[in-house]
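As a plain string of letters, each chain reads:
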Amino acid sequence: MPGTDLERRIADELATVIDPEIRRPITELGMVGDIAVASDGAASVAIKLTIVGCPAATAIERDVTKAVSRVPGVTSAHIAVGVMTPEERRALTESLRGPKAARVMPFGPGTLTKVYAVTSGKGGVGKSTVTANLAAELAARGLSVGIVDADVHGFSIPGLLGLTDATADETSLRTPTQVGDMILPPIGYGVKVISIGMFLGKADGQATQAVAWRGPMLHRTISQFLTDVYFGDLDVLLLDLPPGTGDVAISLGQLLPNAEVLVVTTPQPAAADVAERSGIVARQTGQKVIGVIENMAGLVQPDGSVLSLFGSGGGAELSRRLSATPDAPDVPLLASVPLSVPLRSGGDTGVPVVLSNPDDPASVAIRSIADQLLARGRGLAGRRLGLAPA
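Parameters at a glance
Residues numbered from 1 in each chain as written. Predicted model: local features only at pLDDT ≥ 70, side-chain atom pairs only at ≥ 80, totals over all residues. Heavy atoms only, no water. Core = buried A, V, L, I, M, F, W, Y, C linked by side-chain atoms within 4.5 Å. Buried < 20%, exposed > 50% of the residue type's maximum accessible area, 1.4 Å probe, protein only. Helix = DSSP H or I, 4+ residues; strand = E, 2+ residues; numbered from the N terminus. Contact = heavy atoms within 4.5 Å. UniProt positions renumbered as here; feature names shortened; annotations may be inferred. Phe/Tyr/Trp six-rings, centres within 6.5 Å; stacked < 30°, edge-to-face > 60°. Patch = residues over 30% accessible without salt bridge, like charges linked within 9 Å, V, L, I, M, F, W, Y side chains within 5 Å. Areas by Shrake-Rupley, 256 points an atom, 1.4 Å probe, with all protein chains shown as cover. Salt bridge = Lys/Arg side-chain N within 4 Å of Asp/Glu carboxyl O. Axes fitted to C-alpha atoms, helices over the stretch in contact; angles between N-to-C directions. Parallel < 35°, antiparallel > 145°, perpendicular 65-115°, else oblique. Left-handed = near helix turned anticlockwise from the far one by under 90°. Expected span 1.5 Å × (residues − 1). Arc of directions from axis to C-beta.

### With respect to the nonpolar core
Core analysis: the biggest nonpolar cluster contains 73 residues, and L134, V148, L226, L239, L252 and L262 have the highest contact counts within it. Ranked by the residues each element gives to this core, the list is headed by helix α4 (residues 127–140), at 7 residues. For L262, the residues in contact, after removing those within four places along its chain, are Y116, A117, V118, T119, L134, I290, G291, I293, L334 and L373. Core analysis: the next-biggest nonpolar cluster, separate from the first, contains 31 residues, A56, V64, M84 and M182 among them.

Here's what the structure looks like:
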């Protein structure tokens, strides 16, 4: 414990250093050890990383050095970097998530996190691209945002958010950090992301391993993502579902009946037939369909005209069909996202178009979706607040 006034001021300044993965002050996480200051103002601070080889080690040491050095009276800063003991790690995980025996999935009914499941009737409609850009836009507005890449067989979210590590020979997805039994998701553009692709190696030194799992394994994986991954306090959790109405959609309906569903389709009227089924299955599991997003809505030409390569009207037709269901609320067409070269190239490079090219028509459309979701707020009706009369 700091004894002198200068040591106490150093401790106070260290409270401004945030762990890049857990997003909490290192002083709250038990990562600060002994603090000592010599008579000439030379400060020595011990820092305890969560694990050996912590990927945030360099950033933490740098930020601690800066924090200590800016305290008036400190002439130099020496940072001794160590690692937590197993007991300290166990205490950390329990302080963040509670004892393992009492641990529950934090995003079920009653959560204050807005949970949005993004689904589609078929693949290739740009569902993941819309999800990644929507998440990046919400995070850029200061919200705490997470994504569960539930498209286990066709995962793409990590690449869309630039969560890759490139070497001279290959590019691999960034892996989560594991502290005890707690998994810390990598963060891209302020968005915390978990995906099965982060746990797969290379099958033959070149190709990423394929996932060939059936229902029970898929259900277990999604359940672990929602329970074992430490997202912290999220404002918004987005779930990128696989296309169609298979095992994952049914499992998420069981695990998260409180999730609100966004259905992505294309402008082709025939596509509304397929997309409608995903909305129907969501309702059958108790989830609420709150909007339709039409992607690939047209290519804006230099003269301002729009070339409708994939037809028109599919989004409006799907909105009409889902709204016509008896006893179901209206399902509006939230936006028509036009075809966009920057949107496509951003997906290839891992840079969301909403950040790299905010004036692009696709960015404008995605921002309008974010506006409408934020306008919905987070109602407290029917939710337990953990309060009791005095």
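### Observations regarding the UniProt feature "binding site: ATP" (unreviewed entry) in the protein
Following the UniProt record, one finds the feature "binding site: ATP" (unreviewed entry) at G121, K122, G123, G124, V125, G126, K127 and S128. Within the secondary structure, K122 sits in the loop between β4 (114–120) and α4. Note on K122: relative accessible area 34%, which makes it partly exposed. When sequence neighbours within four positions are dropped, the list of residues in contact with K122 reads P243, G244, A271 and V274. Mapped onto the elements of the fold, G126 is located in the loop between β4 and α4. If we skip the residues at most four places from it in the chain, G126 touches N295 and M296.

### A closer look at the packing of aromatic side chains
Scanning all chains against the criterion turns up 2 aromatic pairs. Taken together, a centroid distance of 6.0 Å and an interplanar angle of 70° make the contact between F107 and F231 edge-to-face. Of this pair, F107 sits in the loop between α3 (86–97) and β4 while F231 is found in the loop between α6 (215–228) and β12 (236–240), placing the two residues 124 residues apart along the sequence. No difference in accessibility class separates F107 from F231, as the two residues are buried. Ring centres of F199 and F225 lie 6.3 Å apart, and the angle between their planes is 25°; this geometry places the pair in the stacked category. Of this pair, F199 sits in the loop between β11 (191–195) and α6 while F225 sits in helix α6, and the two are 26 residues apart along the sequence. What makes F199 partly exposed here is its relative accessible area of 41%.

### Concerning a nonpolar patch on the surface
Taken together, L307, L309 and F310 make up a surface patch of nonpolar side chains, about 260 Å² in accessible area. Summarising the element assignment, F310 is placed in the loop between β15 (306–307) and α9 (314–323).

### Describing the environment of L49
Its place among the elements puts L49 in strand β2 (residues 42–49). Through-space distance from the C-alpha of L49 to that of G82 is 6.1 Å; in sequence the pair is 33 residues apart. Other than its neighbours up to four places away in sequence, L49 contacts M31, C54, A57, I60, V81, G82, V83 and M84.

### Concerning unusual backbone geometry
A positive phi angle, near 60°, is found at R23, a position not held by glycine. Along the chain, R23 turns up in the loop between α1 (5–14) and β1 (32–37). Given a relative accessible area of 41%, R23 falls into the partly exposed group.

### Observations concerning the packing of α1 against helix α2 (residues 57–69)
At their nearest, the axes of α1 and α2 sit 9 Å apart, and the two run at 135° to each other. By the criterion of interaxial angle, the relationship of α1 to α2 is oblique. Crossing handedness for the pair α1 and α2: right-handed. Judged by residue contacts, I10, E13 and L14 of α1 engage V64, A67 and V68 from α2.

### A look at α3
Spanning 12 residues, α3 covers 16 Å between terminal C-alpha atoms, matching the ideal 16 Å at 1.5 Å per step. Those residues of α3 not exposed but buried are R89, L92, T93, L96 and R97. For α3, the arc enclosing every buried residue in end-on projection is 105°, short of the 170-degree limit, so these residues lie on one face. Among the exposed residues of α3, those pointing more than 90 degrees away from its buried face are E87 and S95. Two residues or fewer after α3 comes G98, characterised by a positive phi angle close to 90°.

### Overview of the pattern of salt bridges
Scanning all chains against the criterion turns up 18 salt bridges. A salt bridge links R321 to D273; the shortest N-O distance between them is 2.3 Å. In this pair, R321 is assigned in helix α9 and D273 in helix α8 (residues 269–284), connecting sequence segments 48 residues apart. Among the residues examined, R321 registers a relative accessible area of 21% and is labelled partly exposed. The exposure class assigned to D273 is partly exposed, which follows from its relative accessible area of 35%.

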